[in-house]
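As a plain string of letters, each chain reads:
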Amino acid sequence: MRVVICGAGQVGYGIAERLASERNDVSVIDTSPTLVQAIRDNLDARGFVGHGAHPDVLAEAGAEQADMIIAVTLHDEVNMVACQVAHSLFNIPTKLARIRAQSYLHSHWQDLFSTDNMPIDVIISPEIEVGEMVLRRIALPGAMDVVRFADHSTAMIAIECREDCPVVNTPLEQLTTLFPDLNATVVGILRDNGLFIPSSNDQMVAGDVAYVVVERGQVKRTLGLFGHVEPEATRIVIVGGGNIGLYVAREMERRNLRAKMRVIEANRERAVVIADQLKRTIVLHGSGLDQNLLREADVDESDLIVSLTNDDKVNVLASVMGKRLGCKGNLALLNDADFQGLTRPLEIDAFINPKSVTISRVLQHVRRGRIRAVHSIQNGLAEAIEAEALETSPIVGVALKDLELPENLRIGSIYRDGSYVKPTGATKIRAKDRVVIFAKAGAVRRVEQMFRVSLEFF
């Protein structure tokens, strides 16, 4: 696939890194010579210094032969114009754009991005994507990561195995025997910064993070079996009233969730703006690192402190400080991978990586075959993928035990005719089944092949 990426920042670089590693033809455009040089030095991709919306720069980057343009610069208007130029002058089939300003996304203006107006096939709003991830984490205390598949019938959750975890040191096949009615499958284990697909004889140990695909109605039971019975957060302190913080608070009000919320915002004008928009949330002006202000927000009596500022250092320190002052749990927004590696020593319960969330959304539309959803795991070590089986797919009608699947992927669940199916060796995938697969990076291409039309069809 030939892909042109406009923007070489964290997200653009991450997308280019992933696509180039899979031997796609990737060109990256950015106005910063330093960022472009980093692309040239570190990736198997071409870098071009210039404006991503300028026709001559797009032409130099190979837009005339491109299959897709991904516009993820820091400026919405540049991303929008780049897609328009890609359509009007180069007829690029698929156009993705990152749009941050919520005004463009208002339902009243939903025709703006139609083919007849500004032809953008996929709009990616990082604030909404990350905000929804935060809301899912709040709804499931105890889960380090949460993503939903198959019309929300299925979830993949990451669970930390603590010293008191009841299921550690137990072979996975024995867990199946002990809980035969539990629709859950352990598909991946993170241990000492290494990720592997477990066999039935493997067992989890204290300190592991287990990735489990589970039926939606059994998520809390599964968390309980792993020793996580944390109550739902009813008192929440949000540090940072930016787009993400406001989205989370506003959505919790709109959905009539019973949590009592307080938002701390450092910028006075912004604090006034969000106070006017929120009805049942108390907004406090000041620093999230001010212990007196945190106490005024009743952090010592709160269930959760959620740090959502644009500064990783503030998010780390506010999360640690809130817990030290008596808050039961914390959740931080972290962009820098170096900070992400410090979460356990600093007792940060969970973190969200905005870059990973955005890249996952992009990959959903890059993957070949009938790929419905993609979630990137541990900065690209693996992906959780939802794919739809076609009548001509090579995996249809064959028992899973006979498919000779590679060791670096695991089928976690099947969604068939509105029902969850827990896969076994005898299970046969049918046409139109939606299959959730956990695949290490090296197996992603195999997943694409499994869910593409068989060559015999032609």
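Quick caveat, the model's predicted, so the values are computed rather than measured.

1. Remarks on the overall build of the protein chain
Summing up its helical and strand segments, the protein chain has 14 helices and 22 strands in all. The C-alpha atoms of the protein chain give a radius of gyration of 23 Å, which matches the 23 Å a tight globule of 458 residues would have. Summarising its shape, the C-alpha atoms of the protein chain cover approximately 65 × 60 × 45 Å along the three principal directions. Looking at the 458 residues of the protein chain, the share that counts as buried comes to 53%. Partitioning the contacts of the protein chain with sequence separation of at least 6, the portion at a separation of at least 24 is 65%. When the accessible surface of the protein chain is totalled, it reaches about 20900 Å², and 47% of it is carbon and sulfur. Here the protein chain contributes 51 positively and 59 negatively charged side chains, and the mean placements of these two sets differ by 4 Å.

2. Some thoughts on the packing of helix 8 (residues 243-254) against helix 9 (residues 268-277)
Relative orientation of the contacting elements helix 8 and helix 9 amounts to 20 degrees, with a least axis distance of 11 Å. Our classification of the angle between helix 8 and helix 9 gives roughly parallel. Regarding helix 8 and helix 9, the two cross each other, and that crossing is right-handed. Residues N243, L246 and R250 of helix 8 touch helix 9, and the partners they reach there are R270, I274 and Q277. Its residues placed into classes, the contact of helix 8 with helix 9 shows two nonpolar, two polar and two charged.

3. A short note on the sheet that holds strand 5 (residues 94-98)
The parallel open sheet is built from six strands, whose spatial order is 3-2-1-4-5-6. Edge positions in the open sheet fall to strand 3 (46-49) and strand 6 (122-124), since each of these has one partner strand only. Each strand axis lies, on average, 15 degrees off the axis of its neighbour in the sheet, ignoring direction. Inspection of the sheet shows strand 4 (residues 68-71) paired to strand 5 by four bridges, in the parallel sense. Each residue of the ladder has a partner; that of I70, found in strand 5, is L96. Strands in contact with helix 4 (residues 76-88) are strand 1 (2-6), strand 4 and strand 5; relative to strand 5, the strand with the most contacts, it is inclined by about 170 degrees. Those strands touched by helix 13 (residues 354-366) are strand 4, strand 5 and strand 6, and its axis lies near 170 degrees from that of strand 6.

4. Here's the deal with the UniProt feature "domain: RCK N-terminal" (unreviewed entry) in the protein chain
The sites that UniProt annotates as "domain: RCK N-terminal" (unreviewed entry) are residues 1-124 and 233-357. With 33% helix and 22% strand, residues 1-124 has end C-alpha atoms that lie 21 Å from one another. Here residues 233-357 runs as 39% helix and 22% strand, with 23 Å between its end C-alpha atoms.

5. Remarks on the environment of T234
By secondary structure assignment, the location of T234 is in the loop between helix 7 (219-225) and strand 12 (235-239). For T234, a relative accessible area of 27% puts it in the partly exposed group. Measuring from C-alpha to C-alpha, the distance between T234 and I138 comes to 9.7 Å, with 96 residues separating the pair along the chain. Other than its neighbours up to four places away in sequence, T234 contacts R258, A259, K260 and D303.

6. Quick word on the sheet that holds strand 17 (residues 350-352)
In space, the six strands of this open sheet follow the order 14-13-12-15-16-17, with parallel pairing throughout. The strands lining the two open edges of the sheet, one partner per strand, are strand 14 (282-285) and strand 17. Each neighbouring strand pair of the sheet contributes to a mean axis angle of 20 degrees, computed without reference to strand direction. Taken together, the three bridges between strand 16 (residues 329-333) and strand 17 define a ladder with parallel strand orientation. Bridged to A332 within strand 17 is F351. Most of the contacts of helix 5 (residues 126-139) go to strand 17, to which it runs at about 165 degrees, and overall it touches strand 12, strand 15 (304-307), strand 16 and strand 17. Together, strand 13 (260-265) and strand 14 form the strand contacts of helix 9, whose direction differs from that of strand 14 by roughly 175 degrees.

7. Details of the confidence of the model for the protein chain
Here the protein chain averages 90 in pLDDT, while 98% of its residues score no lower than 70. Here residues 454-458 scores under 50 on pLDDT; set against residues more than four positions off or in separate chains, the count is four contacts.

8. Structural notes on the packing of aromatic side chains
Applying the stated criterion across every chain yields a total of one aromatic pair. Aromatic pair Y211 and F438: ring centres 5.6 Å apart, planes at 35 degrees, arrangement tilted. Separated by 227 residues along the polypeptide, Y211 in strand 11 (residues 209-215) and F438 in strand 22 (residues 434-440) bring together distant segments of the chain. Here Y211 matches F438 in class, with each residue buried.

9. Examining the pattern of salt bridges
Evaluated as defined, the whole model comprises 22 salt bridges. Across the pair R361 and E129 runs a salt bridge, and its minimum N-O distance is 2.8 Å. Here R361 is found in helix 13, whereas its partner E129 is found in helix 5, with 232 residues between them in sequence. A salt bridge links D151 to R434, with the shortest nitrogen-to-oxygen separation between them at 3.2 Å. Highlighted residues: D151 in the loop between strand 7 (143-149) and strand 8 (154-160) and R434 in strand 22, separated in sequence by 283 residues. Using a relative accessible area of 11% as the deciding quantity, one classes R434 as buried. Via salt bridges that share partners, E132, E251, R254 and R255 belong to a single interconnected network.

10. Re the side chain of T343
For T343, the position within the fold is in the loop between helix 12 (337-340) and strand 17. On the basis of relative accessibility, which here comes to 8%, the residue T343 falls in the buried class. Residues contacting T343, with those up to four places away along its chain left out, are L334, I348 and F351.

Calculation notes
- Residues numbered from 1 in each chain as written.
- Predicted model: local features only at pLDDT ≥ 70, side-chain atom pairs only at ≥ 80, totals over all residues.
- Heavy atoms only, no water.
- Helix = DSSP H or I, 4+ residues; strand = E, 2+ residues; numbered from the N terminus.
- Rg over C-alpha atoms; globule rule 2.2 N^0.38 Å.
- Buried < 20%, exposed > 50% of the residue type's maximum accessible area, 1.4 Å probe, protein only.
- Contact = heavy atoms within 4.5 Å.
- Areas by Shrake-Rupley, 256 points an atom, 1.4 Å probe, with all protein chains shown as cover.
- Lys, Arg positive; Asp, Glu negative; His and termini not counted.
- Charge placed at Lys NZ, Arg CZ, Asp CG, Glu CD.
- Axes fitted to C-alpha atoms, helices over the stretch in contact; angles between N-to-C directions.
- Parallel < 35°, antiparallel > 145°, perpendicular 65-115°, else oblique.
- Left-handed = near helix turned anticlockwise from the far one by under 90°.
- Nonpolar A, V, L, I, M, F, W, Y, C, P; charged D, E, K, R; others polar.
- Pairing = 2+ DSSP bridges.
- UniProt positions renumbered as here; feature names shortened; annotations may be inferred.
- pLDDT = per-residue confidence, 0-100.
- Phe/Tyr/Trp six-rings, centres within 6.5 Å; stacked < 30°, edge-to-face > 60°.
- Salt bridge = Lys/Arg side-chain N within 4 Å of Asp/Glu carboxyl O.

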